[in-house]
Amino acid sequence: YSTTPFIYAARCNYNGWGSFDFFSFSERAHIAHCLLGKIASENKDNGIACALLPTLLHEEKIEAIFPPHDHDISDKLFREACLESRATGYQYIRSYWFRLFSSPIHGIEEYYGSAVAFYFAWLDFFTVWLIFPAVAGFSLWYFRGEGYTVDNSPRIPLFSMFVIFWSAFFLKYWDRYASALACTWGTLDAARREEVRPQFHGKTVISPVTGKKEIHFGFSDRLPRYVASCLATALMLSIAFGIMCLFLNLEGYVHRNSPIYIKVVARLAEPGGLFFTGTSGEDGDYAMSIGSQLFGFIPVILHALIIMLLNSLYRVVAETLTEFENHRTEHEFENSIIIKRFLFEAFDCYIALFYIAFYELDPIALRQELIGLYTVDSFRRVVCECIIPLTLQKLREYFRKRKDLADDAKHKKSD
């Protein structure tokens, strides 16, 4: 019965019924959330019943809904994730390498739920599969032959074909692995519960099916809002395209006969310019100092930072536009945001790479731009997602301990 829906009327037929751990931590939290979600309230404007919790969240009468932590379980998961093991010798080495590429996804699923567990499962799967192109790329470099580089090696077409087949097999095997996990966790045929958003508004009509009042907002009403969203997104895309043209000129990737060539800006990346790295220009390579070459990477860093800033700005714009479109359910709302953000961020991040690859036809510049963008983004993620949160957590703990010590000292003095 591990993958069948739980039916309370047949509860005695399930193994372990009555024990405390019959439901996992995430299942208990989900059940409690569903029970709270069934509490209905009446809309003051139209008298239509709606879910209470989303309404309170929308009206900002409550900030968030979450279950309290079970510190025994969370500490155990933390120790497993930090590669702590009591094994020694060969068993420790084997356990270390296994845990290095494998998160405790089953424990994460029991504690946080399948959605979070699938995220870590995908990270583990992707990390392991990246070993194959890494080995192939290293082999291409190591066995490149005398007089060849990774840019002009005759084996590059073979590596390209390998990456094509690798990506196809990766997607296929990930589908199989994800389906196996879904079967194990009982979520293969799980249906998402649709709830009407408290922000949804429109005309109050009588439903021909249920005979009850409901809110109606047709496609013809939403079409002008879709047009406004497209125009606003097009404006943001044009801004992103203009910034891309500016930085490609600053980095020296745009030739003089290009339609996006900006003479005043491109001069800074030409020989004698502020951002010349020794590889730009049409007159060959130039010997430059290491300091000058490093200084020439400033446009790459600024370009990556501007891309991140534009993506963050468009997230706010996309949310505002999607709210304006007035979607009925959370599922429709989330899908609309995903489409907007995917289109904008894909254009903003990859249009420069497509220009260098298919217009300039410069694989060396393409590699440099790709390395620069992803290196800066990796540092940004490490700083923003690891170093800053860890630093803030340690500071909070430090000040909390100081406050506790000060309170204890005051109590002792009063005694």
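Given the structure is predicted, the values throughout are model-derived calculations rather than measurements. (Residues numbered from 1 in each chain as written. Predicted model: local features only at pLDDT ≥ 70, side-chain atom pairs only at ≥ 80, totals over all residues. Heavy atoms only, no water.)

## Some points on the overall build of the protein
Under the convention used in this document: Strands are runs of DSSP state E lasting at least two residues, helices are runs of H or I lasting at least four, and both sets are numbered from the N terminus onward. Here the term buried applies to any residue with accessible area under 20% of the maximum for its type, exposed to any over 50%, and partly exposed to those in between, with areas from a 1.4 Å probe on protein chains only. Working rule for contacts: check all heavy atoms of both residues, and any pair within 4.5 Å makes them a contact.
Regarding its fold elements, the protein presents 14 helices and four strands. Within the protein, the proportion of its 415 residues that are buried is 25%. Counted over contacts in the protein with a minimum sequence separation of 6, partners at least 24 positions apart contribute 55%.

## Notes on unusual backbone geometry
Its identity as a non-glycine residue notwithstanding, Asn 326 has a phi of 60 degrees, on the positive side. Along the polypeptide, Asn 326 turns up in the loop between α12 (298-325) and α13 (330-360). Not every positive phi belongs to a glycine, and Leu 361 is a case in point at roughly 55 degrees. Positionally, Leu 361 belongs in the loop between α13 and α14 (363-414). By relative accessible area, Leu 361 is classed as exposed at 63%.

## Observations regarding the confidence of the model for the protein
Note the threshold: Values of pLDDT, the confidence the predictor places in each residue, fall between 0 and 100.
Mean pLDDT over the protein works out to 81, with 85% of the residues at or above the 70 mark. The weakest mean pLDDT in the protein belongs to helix α4 (residues 89-100) at 53; the strongest belongs to helix α8 (residues 156-185) at 92. Across residues 85-93, confidence stays below pLDDT 50; counting only partners more than four residues off in sequence or on other chains, it has four contacts.

## Comments concerning the nonpolar core
Side chains that are nonpolar tend, in soluble globular proteins, to be buried together. Worth spelling out the cut-off: Only buried Ala, Val, Leu, Ile, Met, Phe, Trp, Tyr and Cys residues count toward a nonpolar core, and they belong to the same one when joined by side-chain atoms within 4.5 Å.
Ranked by size, the top nonpolar core spans 15 residues in total, and within it Ile 105, Ala 121, Phe 125, Trp 129, Trp 174, Leu 181 and Trp 185 carry the most contacts. When near neighbours in sequence (up to four residues on either side) are disregarded, Leu 181 contacts Ile 105, His 106, Phe 118 and Ala 121. One finds Cys 245, Leu 248, Val 254 and Ile 356 within the second-largest nonpolar core, a separate group that totals 10 residues.

## Observations regarding the packing of aromatic side chains
So the rule is basically this: When the centres of two rings from Phe, Tyr and Trp lie within 6.5 Å, Trp using its six-membered ring, the rings pair. Their planes under 30 degrees apart give stacked, over 60 give edge-to-face, and anything left gives tilted.
Going through the model one piece at a time under the given rule, you end up with 29 aromatic pairs. An angle of 50 degrees between the planes, with centres 6.3 Å apart, marks the rings of Trp 141 and Tyr 142 as tilted. Judged by its relative accessible area of 41%, Trp 141 falls in the partly exposed class. One aromatic cluster is present, formed by Trp 122, Phe 125, Phe 126, Trp 129, Phe 132, Trp 166, Phe 169, Phe 170, Tyr 173, Trp 174 and Tyr 177 through successive ring pairs.

## Remarks on helix α1 (residues 25-37)
Three- or four-residue spacings in an α-helix give side chains the same orientation, since the helix completes a turn every 3.6 residues. To be explicit about the condition: Expected helix span is taken as 1.5 Å per residue step, with the number of steps being one fewer than the number of residues. The arc under discussion is defined with respect to the helix axis, by the directions toward the C-beta atoms.
If you check α1, its first and last C-alpha atoms are 18 Å apart, about what 13 residues at 1.5 Å a residue would give, namely 18 Å. When we look at burial in α1, the residues that qualify are Phe 25, Ser 26 and Gly 37. Looking straight down α1, one finds that the buried residues subtend no more than 105 degrees of arc, so they occupy a single side.

## A look at the pattern of salt bridges
Inclusion rule: Any Lys or Arg side-chain nitrogen found within 4 Å of a carboxyl oxygen on Asp or Glu counts as a salt bridge.
Applying the stated rule across the entire model yields nine salt bridges. Glu 323 serves as the salt-bridge partner of Arg 197, at 3.1 Å between the closest nitrogen and oxygen. Taken together, the residues Arg 197 in the loop between α8 and β3 (203-206) and Glu 323 in helix α12 connect sequence positions 126 residues apart. Look at Glu 323 and you get partly exposed, because its relative accessible area is 33%. Glu 325 is paired through a salt bridge with Lys 340; the nearest N and O atoms lie 2.8 Å apart. Of this pair, Glu 325 sits in helix α12 while Lys 340 sits in helix α13, and the two are 15 residues apart along the sequence. There is no split in this pair, since Glu 325 and Lys 340 are both buried.

## Considerations on the side chain of Thr 233
Stated formally: Whenever two N or O atoms come within 3.5 Å, that pair is a polar contact, provided that in protein one can donate a hydrogen and the other can accept it, and provided that, for residues adjacent in sequence, both atoms are side-chain atoms.
Among the secondary structure elements, Thr 233 is positioned in helix α9 (residues 219-250). For Thr 233, a relative accessible area of 14% translates into the label buried. In this structure the side chain of Thr 233 is engaged in a polar contact, spanning 2.8 Å, whose partner is the side chain of Tyr 314. Among residues more than four places away in sequence, those in contact with Thr 233 are Tyr 314 and Leu 321.

## Considerations on α14
Stated precisely, the cut-off is as follows: Bend at a residue means the angle formed by two fitted axes: the first through the 7 residues ending at that position, the second through the 7 residues beginning there.
Between the first and last C-alpha of α14 there are 75 Å, a value that for 52 residues agrees with the 76 Å anticipated at 1.5 Å per step. Along α14, the sharpest change in direction is near 35 degrees and occurs at Val 383. Among the residues of α14, Ala 365, Glu 369, Gly 372, Leu 373, Val 376 and Asp 377 are the ones counted as buried. Buried residues belonging to α14 abut α12 and α13. Backbone nitrogen of Ile 364 and a side-chain oxygen of the N-cap are separated by 3.3 Å at the start of α14; the cap is Asp 362.

## A word on the pairing of strand β4 (residues 213-216)
Side-chain positions along a regular strand alternate between the two faces of the sheet. Our working rule: DSSP-based pairing: two strands are paired if at least 2 bridges between them are found.
By the bridge criterion, four bridges tie β3 to β4 in an arrangement that is antiparallel. Considered in β4, the bridge of Lys 203 is made with His 216. Linking β3 back to β4 in an antiparallel pair, the connection comprises six residues, with Gly 211 at a positive phi of about 75 degrees.

## Let's talk about the packing of α13 against α14
Applicable threshold: Axis lines are fitted through C-alpha atoms, for helices just across the contact stretch, and the angle between N-to-C directions can take any value from 0 to 180 degrees. Orientation labels follow simple angle bins: below 35 degrees gives roughly parallel, above 145 gives roughly antiparallel, 65 to 115 gives roughly perpendicular, and whatever is left gives oblique. Note: crossing handedness is left-handed where the near helix turns anticlockwise from the far helix by less than a right angle, and right-handed where it turns clockwise. Asp, Glu, Lys and Arg are counted as charged, while Ala, Val, Leu, Ile, Met, Phe, Trp, Tyr, Cys and Pro are counted as nonpolar; the rest, among them Gly, fall into the polar class.
Relative to each other, α13 and α14 sit at 165 degrees, their axes nearing to 9 Å. By the angle between their directions, the pair α13 and α14 is classed as roughly antiparallel. Crossing geometry of α13 relative to α14 is assigned as right-handed. Touching Cys 349, Tyr 350, Leu 353, Ile 356 and Ala 357 of α13 are Ala 365, Leu 366, Glu 369, Leu 370, Leu 373 and Tyr 374, all from α14. Among the residues forming the contact of α13 with α14, the class breakdown is 10 nonpolar, no polar and one charged.

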